[in-house]
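# Residue-level structural notes
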Amino acid sequence: MSEQINMIELVQFIAGRTNADAKLIEQVLKHEQAFINNAPEDKNGEVNIDSDELTDYILSRPGLKSDELTVETILDAEMDYLMGKGIAGYVD
């Protein structure tokens, strides 16, 4: 996420879509960013993220109290936000 993202707006967007607590959303996004930062780039300099691996990583973080469905819902809402802003997309 090298483009500039308004984190307050993002958290509010996700909270509105998921009814999740803002602190949980922030934790999930922080762990997601750590996962992405450590993911290897392909030959084109792009990072491909497996959503199941990402969810498992986030759920394994100490201090995170959530379940798989909530984490996936938060990540899906984040992707909707990012795609709406033209920042990210899915690759099949």
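Refer to the structure above for everything that follows.
Residues numbered from 1 in each chain as written. Predicted model: local features only at pLDDT ≥ 70, side-chain atom pairs only at ≥ 80, totals over all residues. Heavy atoms only, no water.

## Looking at the overall build of the protein
- Secondary structure assignment for the protein yields four helices and zero strands.
- The order of α-helices and β-strands along the protein, N terminus first, is α-α-α-α.
- For 92 residues, the compact-globule formula gives about 12 Å, and the C-alpha radius of gyration of the protein, at 13 Å, lands near that figure.
- When its C-alpha atoms are laid out on the principal axes, the protein stretches across 40 × 30 × 20 Å.
- Of all 92 residues assigned to the protein, the portion counted as buried reaches 28%.
- As presented, the protein carries roughly 6,200 Å² of accessible surface, and 47% of it is formed by carbon and sulfur atoms.
- For the protein, the separation between the mean place of its 7 positive charges and that of its 19 negative charges on side chains is 8 Å. (Helix = DSSP H or I, 4+ residues; strand = E, 2+ residues; numbered from the N terminus. Rg over C-alpha atoms; globule rule 2.2 N^0.38 Å. Buried < 20%, exposed > 50% of the residue type's maximum accessible area, 1.4 Å probe, protein only. Areas by Shrake-Rupley, 256 points an atom, 1.4 Å probe, with all protein chains shown as cover. Lys, Arg positive; Asp, Glu negative; His and termini not counted. Charge placed at Lys NZ, Arg CZ, Asp CG, Glu CD.)

## Here we look at a negative patch on the surface
- Residues Asp-50, Asp-52, Glu-53, Asp-56, Asp-67 and Glu-68 make up a contiguous surface patch of negative charge.
- With three residues, helix H3 (residues 51-59) is the single largest residue contributor to the negative patch.
- Note that Asp-56 resides in helix H3. (Patch = residues over 30% accessible without salt bridge, like charges linked within 9 Å, V, L, I, M, F, W, Y side chains within 5 Å. Salt bridge = Lys/Arg side-chain N within 4 Å of Asp/Glu carboxyl O.)

## Describing helix H1 (residues 7-18)
- In this model H1 runs 16 Å from its N-terminal to its C-terminal C-alpha over 12 residues, within 8% of the 16 Å that 1.5 Å per residue would give.
- Those residues of H1 hidden inside the fold are in contact with helix H2 (22-37) and helix H4 (68-84).
- Among the residues of H1, the N-terminal cap falls to Asn-6, whose side-chain oxygen and the backbone nitrogen of Ile-8 are separated by 3.1 Å.
- Following H1 by one or two positions, Asn-19 has its phi on the positive side, about 65 degrees. (Expected span 1.5 Å × (residues − 1). Contact = heavy atoms within 4.5 Å. Polar contact = N/O pair within 3.5 Å; in protein donor to acceptor, adjacent residues only side chain to side chain.)

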